[in-house]
Amino acid sequence: MINEKGGINGRRVNFISLDDGYSPPKTLEQTRRLVEQDDILAIMGSFGTPPNAAIQTYLNERGVPQLFIQAGASRWDDPAHFPWTIPFVNLLRSEARVYAGYILRINPEARIGVLYQNDDFGRDYLDGLKEKLGTQAARMIVGSASYETSDPTVDSQIVALHSSDANTLLIAAGPKFAAQAIRKVFEIGWHPTRFIAQVSASPTVLKPAGLDKSAGVITATSFKSVGDPQWAIDPEFMAWLAFMRTYYPQGDVSDEFAFVGYSNATLFAEILRRCGDDLTRENLMHVATHMQGMRTPALLPDISLSTSPTDYNPLKQMRLQRFDGKQWVLFTDAIQE
């Protein structure tokens, strides 16, 4: 779309996208091809903690920007050791702290169970929860259960957490296992207050789990919900719908991530535009680490992006929303952690 409108500063964008199959060895192989054969300016928007971990050192040793990656582990905001890597999505620890802060305000006597993925992704949620609960963590967290991504189900973990007498459940799980957890909680007649990882708050999770079974789950977000009628006449939302009709007609306009993906692309384009005629990797990093109050189409109105040379995390504000069985409903103002 951008190229059809004349490109960026008169230049056409050469966008190369390769599939790594979410396999870290394949990620490294494909990234080496992009850097050493295609001579790319930067990697932008690459997905997932394990794949990005596989290429972080390689890209930083070669001074290739690894920008706005779609992974929330705290390791991505480390300019002292990895100056060429910048995250984009809410850091997982910050997200968990938002949940913990809400629990402390609403129910300081809560008994919390945690289902978490046994890697950086899951442990960041658990650590963030403990950090915010502070001295109350040992008392309030009554059970935790981990799973491996190779496990067939998390049914046994949910049953164990139910047995811990928890009345609040944090599901720090990827989409497949989050759907299983929501369904199993319902099947065994358990009714805890449920918090679900932001990455799993999509139709690809809620529909397989069952929309009726998902009603009441809470998640954090910085983005407009595509099912929320308040955005129906929002100019930025309407521009995205027009984009989908023309450029991605087979796409699902009920999918949050389709909107966020489009929104991310507008961010990448704006960073390139601000580079002007100095399209070096060094200047690209300078621009990306000096954002102040930048907006993208999918961001909620009271949330913006800011970075500095010592703080690479651009997205620091979130709001809580609850699924009502049909759509997400916001119920807090912006929270910064």
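Caption draft 1: Spatial organisation of the nonpolar core. Judged by nonpolar contacts, the single largest core of 38 residues is most densely connected at F68, W240, L267, I271 and L305. Sorting the residues of this core by element identifies β2 (66-69), α10 (235-247), α11 (256-274) and α12 (281-288) as the ones contributing at least two each. Element by element, the count of residues in this core is highest for α11, at nine residues. I271 has contacts with F68, L284, V287, A288, M291 and M294, leaving out every residue within four places of it along the chain. Listed in part, the 28 residues of the second largest apolar core include L92, A96, F195 and A220.

Caption draft 2: Broad picture of the environment of D119. Mapped onto the secondary structure, D119 falls in the loop between β4 (112-117) and α4 (120-133). Once the C-alpha coordinates of D119 and Y147 are considered, the two residues, 28 residues apart in sequence, prove to be 9.1 Å apart. Here G122 takes part through its backbone nitrogen, which lies 3.2 Å from a polar atom of the side chain of D119.

Caption draft 3: Fine view of unusual backbone geometry. Positive phi, normally seen in glycine, also occurs at D39, with a value near 55°. Along the chain, D39 falls in the loop between α1 (24-36) and β1 (43-44). For D39, a relative accessible area of 61% puts it in the exposed group. The backbone of F68 sits at a positive phi, close to 50°, despite the residue not being glycine. If you trace the backbone, F68 turns up in strand β2. Relative accessible area serves as the criterion here: at 0%, F68 is assigned to the buried category.

Caption draft 4: Expanded view of the side chain of N313. Relative to the elements of secondary structure, N313 occurs in the loop between α12 and β9 (317-323). Since its relative accessible area comes to 6%, N313 is described here as buried. A polar atom in the side chain of N313 sits 3.4 Å from the backbone nitrogen of L315. Apart from residues lying up to four places away in sequence, N313 is in contact with D77, P87, V89, L91, S306 and T307.

Caption draft 5: Examining α10 more closely. Its 13 residues give α10 an end-to-end C-alpha distance of 18 Å, which sits within 8% of 18 Å, the value for a rise of 1.5 Å per residue. Of the positions making up α10, those classed as buried are F237, W240, F243 and M244. Looking straight down α10, one finds that the buried residues subtend no more than 115° of arc, so they occupy a single side. Of the exposed residues in α10, those oriented more than 90 degrees away from the buried face are P235, R245 and T246. Those residues of α10 hidden inside the fold are in contact with α11.

Caption draft 6: Representation of the packing of aromatic side chains. The tally for this structure, following the rule as stated, stands at 15 aromatic pairs. A ring pair is formed by F88 and F223, whose centres lie 6.4 Å apart and whose planes are at 40°; its orientation type is tilted. Here F88, found in the loop between β3 (85-87) and α3 (92-106), pairs with F223, found in the loop between β8 (218-221) and α10; they are 135 residues apart in sequence, far enough to count as distant. The class of F223 is buried, set by a relative accessible area of 8%. When the ring of F243 is compared with that of Y247, the centres are 5.5 Å apart and the planes differ by 20°; the resulting orientation is stacked. A residue pair is termed a helical-turn pair when its members lie 3 or 4 positions apart in one helix, as F243 and Y247 do in helix α10 at four residues. Residue class for Y247 comes out partly exposed when judged on its relative accessible area of 33%. In textbook terms, an aromatic cluster arises when at least three aromatic residues are bridged by ring pairs, as seen for F68, F88, F223 and F268. Of note, K224 hangs over the ring of W231, and the distance from its end group to the ring centre comes to 5.5 Å. Over the face of the ring belonging to F331 we find R322, whose NZ or CZ atom lies 4.2 Å from the ring centre.

Caption draft 7: Structural detail: the environment of G21. Within the secondary structure, G21 sits in the segment before α1. Here the alpha-carbon distance between G21 and A215, two residues 194 residues apart in the chain, equals 32 Å.

Caption draft 8: Representation of the packing of α3 against α4 within the structure. It is at 7 Å that the axes of α3 and α4 come closest, and there the two elements cross at 40°. One finds that α3 runs oblique with respect to α4. Classified by chirality, the crossing of α4 by α3 is right-handed. From α3, L92, R93, E95, A96, R97, Y99, A100, G101 and L104 reach across to α4, where they touch F121, D124, Y125, D127, G128, L129, E131, K132 and L133. Considered class by class, the residues forming the contact of α3 with α4 number nine nonpolar, two polar and seven charged.

Cut-off values and rules
- Residues numbered from 1 in each chain as written.
- Predicted model: local features only at pLDDT ≥ 70, side-chain atom pairs only at ≥ 80, totals over all residues.
- Heavy atoms only, no water.
- Core = buried A, V, L, I, M, F, W, Y, C linked by side-chain atoms within 4.5 Å.
- Buried < 20%, exposed > 50% of the residue type's maximum accessible area, 1.4 Å probe, protein only.
- Helix = DSSP H or I, 4+ residues; strand = E, 2+ residues; numbered from the N terminus.
- Contact = heavy atoms within 4.5 Å.
- Polar contact = N/O pair within 3.5 Å; in protein donor to acceptor, adjacent residues only side chain to side chain.
- Expected span 1.5 Å × (residues − 1).
- Arc of directions from axis to C-beta.
- Phe/Tyr/Trp six-rings, centres within 6.5 Å; stacked < 30°, edge-to-face > 60°.
- Lys NZ or Arg CZ within 6 Å of the ring centre and 35° of its normal.
- Axes fitted to C-alpha atoms, helices over the stretch in contact; angles between N-to-C directions.
- Parallel < 35°, antiparallel > 145°, perpendicular 65-115°, else oblique.
- Left-handed = near helix turned anticlockwise from the far one by under 90°.
- Nonpolar A, V, L, I, M, F, W, Y, C, P; charged D, E, K, R; others polar.

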